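Each chain is listed here by its residues.
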Amino acid sequence: MMSVLVWSLVLLVNLNLGVNGLRTHNGSSAATRPAFVNVGAIFTFDSTIGKVAKVAIQQAVKDVNENSSLLPGTMLRMDMRSSNCSGFLGMVGALQFMETDTVAIVGPQSSVVAHIISHVVNELQVPLLSFAATDPTLSNLQFPYFVRATQSDLYQMTAVAEIVDYHGWREVIAIFIDDDYGRNGVLALDDTLAAKRCRISNKVGIPPGSEYGRSEIMDALVKIALMEARVIVLHVYPDMGFLVFSVARYLGMMGDGYVWIATDWLSSYLDSSLPYPSDKMENMQGVVALRQHTPDSLKKRELVSKWRKLTRGSFGLNSYGLYAYDTVWMIAHALEAFFNQGGVVSFSNDSRLSSGGLEDLHLDALNIFDDGKRLLDNIWGSDFVGLTGHIKFGADRNLVNPAYDIINIIGTGFRTVGYWSNKSGLSTSTPEDLQVNRSRTNQELHSIIWPGEIVTKPRGWVFPNNGKVLKIAVPLRVSYKEFVSQLPGSNMSKGFCIDVFVAAVNLLPYAVPYQFVPYGNGKENPNYTELVNRIAAGVYDGAVGDIVITTNRTRTVDFTQPYAASGLVVVAPFKKMNTGAWAFLRPFSPTLWAVTAAFFLVVGTVVWILEHRINDDFRGSPKSQIITILWFSFSTLFFAHRENTASTLGRIVLLMWLFVVLIINSSYTASLTSILTVQQLSSPIKGIDTLKKSNDRIGYQVGSFAERYLVDEVGIHESRLVPLGTPDAYADALLKGSKNGGVAAIVDERPYIELFLSNQCKFRVVGREFTKSGWGFAFPRDSPLAVDLSTAILSLSENGDLQRIHDKWLIRSGCSTDNSEIESDRLHLKSFWGLFLICGIVCFIAIFIYFYQVFRRFRGATAESEGSKSRRLQTLISIIDEKKDPKDRDKKRQKVEENEIRHDSELG
């Protein structure tokens, strides 16, 4: 389809080409390096970029031809033509270059023209190197012979998006020129903003051409002034951009609260203007603009020093001029590699032009560059240092190391407030000086003077000045109206939640037009999840009430900072407990009693084993030894054991056990004291775990998220749940009990339960709060109002107003508890298993060492004499049971003393 378009346009210009229809092709006969090589350049000479590029290209060609080490014996011959920003003229110029055997074309500067010419060069296999076409959709995949010798707007829009995200703004308005350059650039901006959870709230396209004047711009800006966003990205051409700034200043849109971000069209104009135009500078105070970053170098300074002489001081050098200069050198380096590889500059006719009835059009002057693919590959392989930095193409066919300067227009000039690079993001140091990779913590810019000469960061949004009033939904509750309720006969609401919202709104530095809209049928509490979904769907602009912040809800809306703590608790009936005759058994659970008793016996047995052979207190008849074990074990409970331990292992075991007994004694005493002195309240329900294990019915508040939580998270079957609407219904259901058509317990949020228990003295909270959450005001995703209200709520909390509002609505005279408390959990084994484990390990190690010593003696005794198995067993038992002779120890002690005396006499 594109080929048909190309040849159709060729028919329009065949008169310019037909006169040369019989010309022979300029091949490189025998020599591989011709005396000259034709290179074309096509761009708009009288534009901001074009006038700079023309001088830069001419100087680059001169410098290349004067360089003896590059293209020796071959001269570059540059043929420059102006396209006047016309795609048609650009097409004609590209076709005319084919008459002179052009091997490459520099330009165009316009993305619109580049789209058209790229179809021609694809057919004729001539590389097209553009130093200023930044449209991201100009892809090498679609146009293989198109080479972008500058940075893509994809990177520039990424830099804009990171500036927006750095300042915490979430919405921008894009004003753009409605052609390939502007439209595709804004599409790239939209994508990069979306990746950072930001968005373009409104796009204003300006048709190219002179028919769109000041009045049309004024109409567009008036509409923008009525919108919410105050961050405006301007992606246009210079003439249109300055007209926008002029109208914006006239409308007061260059003042406090506005943010203007201009793409690199502005910096290119300013860099090429000598001096800066004062009338235009007055209209742009506080504007932030981007400029393609080019590192400082000796070559760059040399060209800058020549520039005033080359232009006679009429205009300055901008970044696109530097890229145009490097483009010529890129072609020269590629041609050098091309000739070194044996490449030949030769052209041939396209056989398609001499058939199909096209013979009379004399199109045989259009020649195909035979070795164009080789030259193109050498261009892609460029690797040298130019005025703009390292000239090298990445895998995506874009120049490596994209970077931008971020400048701030102020006074009669501008200052650099930071840099952006694809590797490091935003920084105050030049990209070539940075060695760190990008992270959120090292993103920084210098302070910016914003429109209106303010240094504080603009909020970036206001309430739209278009008469719109925010519709704030308020739950129409039928119970617990202290939190939120509607005044009879009006749309006004009152309650704790309402007062908090009003107080927070009053702290905002701007007016918030809103009206409360009741939500619910007034017969039962509304479903809060459905309310949140309506906010996400855009039915309401927000919701104020006792709305719990849950994970699922935060996926669809934004919440403010919680203004009230909440969480699910269990409330159940209770009964007072008397101490009774067996109160002394209540401190420990049955399992703990059993384990403790078992350990008394185990420790007594272990000590008996360790002491039996050497301690007369642990010897005697079997009956007396059993009594000794029992007596010794339980007497340690009162530290009243009379038997002494003689072995080291026995003493270690006893020491560890006495420590365990001390801890158990202390815990038992403390628990029993509490039971006997504090009135105990008993409930069969101990908490959510008890409810989960039972089959009792459970009550919950109508409309509460507790229903889904109990089903989805706790795993309670839905048939066990009973919806209850009022505090009276709570009390009736609890008094009836689960077996009589009521409920065993109620699960609800703590604020409701605290209010319920303030006048219901027959019930108590049992167990612990098993969820942690809070109440917040809900708004649509990315709503800036949620952020500002969060700050206001924190201020209310810090100055004490939030507590005063709470006390006004929720403090009630509670039931007298008579120092009563719900029965505490008994002491369980889990509280002491560590102690028992350590004690058990010590006992095991001591027994192991003891029997190791016994078996050593047994092996020695059996090695001297052979015998039957029964004989050997009797030997083992006798070793274990025999009493160790105290004389053995005395003999060992006497022998040691004699050795010491003998040693002393020898020394004497």
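Everything numeric here is computed off the predicted structure, so don't read it as measured data.

This part takes up the sheet that holds strand 1 (residues 36–43). Backbone-to-backbone hydrogen bonds pair the strands of a sheet. The strands run either parallel or antiparallel. As summarised here, the arrangement of the 5 strands in space is 2-1-3-4-5, forming an open sheet in which the pairing is parallel. Looking at which strands have only one partner, the edges of the open sheet turn out to be strand 2 (75–82) and strand 5 (146–148). If you compare each strand with its neighbour and ignore which way they point, the axes differ by 25° on average. In this sheet, strand 2 lies alongside strand 1 in parallel orientation, the contact comprising 8 bridges. Residue pairing in the sheet places Gly 40 in a bridge with Asp 79 of strand 2. Each of strand 1, strand 2 and strand 3 (102–106) is contacted by helix 3 (residues 48–66), which is oriented at about 170° to strand 2, the strand it contacts most. Packing of helix 14 (residues 372–380) onto the sheet brings it into contact with strand 3, strand 4 (128–130) and strand 5, and relative to strand 5 it is tilted by some 15°.

This paragraph deals with the packing of aromatic side chains. Aromatic ring pairs are described here by two measures, namely the spacing of the ring centres and the angle between the planes. Taken as a whole and judged by the stated rule, the model has 35 aromatic pairs. Between the aromatic rings of Phe 338 and Phe 339, the centroid separation amounts to 5.4 Å while the plane-to-plane angle is 65°, which identifies the pairing as edge-to-face. For the pair shown, Phe 338 and Phe 339 are each scored as buried. Geometrically, the ring pair formed by Tyr 480 and Tyr 752 is tilted, given 5.1 Å between the ring centres and 35° between the ring planes.

A few words now on the side chain of Gln 701. The topology assignment puts Gln 701 in strand 28 (residues 698–701). If we skip the residues at most four places from it in the chain, Gln 701 touches Arg 477, Ser 479, Tyr 480, Asn 525, Leu 724, Tyr 730, Val 747, Asp 748 and Tyr 752.

Together, Trp 833, Leu 837, Ile 841, Phe 844, Ile 845, Phe 848 and Ile 849 make up an exposed nonpolar region whose accessible area comes to about 730 Å². Look at Ile 849 and you get partly exposed, because its relative accessible area is 31%.

This part covers the side chain of Arg 553. Mapped onto the secondary structure, Arg 553 falls in helix 17 (residues 551–554). One polar contact links Arg 553 to Thr 529, side chain to side chain, over a distance of 3.2 Å.

The terminal C-alpha atoms of helix 12 (residues 298–311) lie 20 Å apart, and with 14 residues this matches the ideal 20 Å at 1.5 Å per residue to within 8%. Largest kink in helix 12: about 30°, centred on Ser 305. The set of residues buried in helix 12 consists of Lys 300, Leu 303, Trp 307 and Thr 311. Once helix 12 ends, the next one or two residues include Arg 312, with phi positive near 60°.

Of the two faces of strand 9 (residues 259–262), the one lined by Val 259 and Ile 261 and the one lined by Trp 260 and Ala 262 are each fully buried. Sheet topology places strand 8 (residues 231–235) next to strand 9; 4 bridges connect them, and they run parallel. Within strand 9, the residue paired with Val 233 across the bridge is Ile 261. As for the winding sense of the linkage, the β-α-β connection from strand 8 through helix 9 (residues 238–250) to strand 9 is right-handed. Relative to strand 10 (residues 288–292), strand 9 runs parallel, the two being bridged by 2 bridges. By the bridge assignment for strand 10, Ala 262 is matched with Ala 289.

Conventions we followed
- Residues numbered from 1 in each chain as written.
- Predicted model: local features only at pLDDT ≥ 70, side-chain atom pairs only at ≥ 80, totals over all residues.
- Heavy atoms only, no water.
- Pairing = 2+ DSSP bridges.
- Helix = DSSP H or I, 4+ residues; strand = E, 2+ residues; numbered from the N terminus.
- Axes fitted to C-alpha atoms, helices over the stretch in contact; angles between N-to-C directions.
- Contact = heavy atoms within 4.5 Å.
- Phe/Tyr/Trp six-rings, centres within 6.5 Å; stacked < 30°, edge-to-face > 60°.
- Buried < 20%, exposed > 50% of the residue type's maximum accessible area, 1.4 Å probe, protein only.
- Patch = residues over 30% accessible without salt bridge, like charges linked within 9 Å, V, L, I, M, F, W, Y side chains within 5 Å.
- Areas by Shrake-Rupley, 256 points an atom, 1.4 Å probe, with all protein chains shown as cover.
- Salt bridge = Lys/Arg side-chain N within 4 Å of Asp/Glu carboxyl O.
- Polar contact = N/O pair within 3.5 Å; in protein donor to acceptor, adjacent residues only side chain to side chain.
- Expected span 1.5 Å × (residues − 1).
- Bend = angle between axes of the 7 residues up to and from the residue.
- Right-handed = clockwise from strand over helix to strand, strands pointing away.

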